[in-house]
Amino acid sequence: MTDQTTTATAPQPAYPLPQPGGADPRFTYGLLHDVAEVLQRNGFPARPAPTGPT
């Protein structure tokens, strides 16, 4: 039997996430606005727009 010593390294954080390379034209601010309106009509509370990096 051999004695094996392993050294574990701590996992590195995955944040901040990298920006995607290309923009998807289907996801617009208009779509975001429409989804927010539907959620509010169905009882979800309105939230202020986020500020800073998300």
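What follows concerns the overall build of the protein chain. Regarding its fold elements, the protein chain presents one helix and zero strands. Total accessible area on the protein chain is roughly 5,900 Å²; 61% of this is exposed by carbon and sulfur atoms.

Let's shift gears to the pattern of salt bridges. Between side chains of opposite charge, a pair can form as their charged atoms come close. This model, assessed by the stated rule, comprises one salt bridge. Across the pair Arg26 and Asp24 runs a salt bridge, and its minimum N-O distance is 2.6 Å. On the accessibility criterion, Asp24 (29% relative accessible area) is partly exposed.

As a further point, take unusual backbone geometry. Between Tyr15 and the following residue, Pro16, the backbone shows a cis peptide bond with an omega angle of 0 degrees. Position of Pro16 among the secondary structure elements: in the segment before α1 (29-41).

This part covers α1. Between the first and last C-alpha of α1 there are 18 Å, a value that for 13 residues agrees with the 18 Å anticipated at 1.5 Å per step. Looking one or two residues beyond α1, the residue adopting positive phi is Gly43, at roughly 95 degrees.

On to the environment of Ala46, then. With respect to the helices and strands, the residue Ala46 is situated in the segment after α1. The spatial distance from the C-alpha of Ala46 to the C-alpha of Ala36 is 7.8 Å, given a sequence separation of ten residues.

Let us now look at a nonpolar patch on the surface. On the surface, Phe27, Leu31, Val35, Leu39 and Phe44 cluster together into a nonpolar patch covering about 480 Å² of accessible area. With respect to the helices and strands, the residue Phe27 is situated in the segment before α1.

Reading the values: rules and limits
- Residues numbered from 1 in each chain as written.
- Predicted model: local features only at pLDDT ≥ 70, side-chain atom pairs only at ≥ 80, totals over all residues.
- Heavy atoms only, no water.
- Helix = DSSP H or I, 4+ residues; strand = E, 2+ residues; numbered from the N terminus.
- Areas by Shrake-Rupley, 256 points an atom, 1.4 Å probe, with all protein chains shown as cover.
- Salt bridge = Lys/Arg side-chain N within 4 Å of Asp/Glu carboxyl O.
- Buried < 20%, exposed > 50% of the residue type's maximum accessible area, 1.4 Å probe, protein only.
- Expected span 1.5 Å × (residues − 1).
- Patch = residues over 30% accessible without salt bridge, like charges linked within 9 Å, V, L, I, M, F, W, Y side chains within 5 Å.

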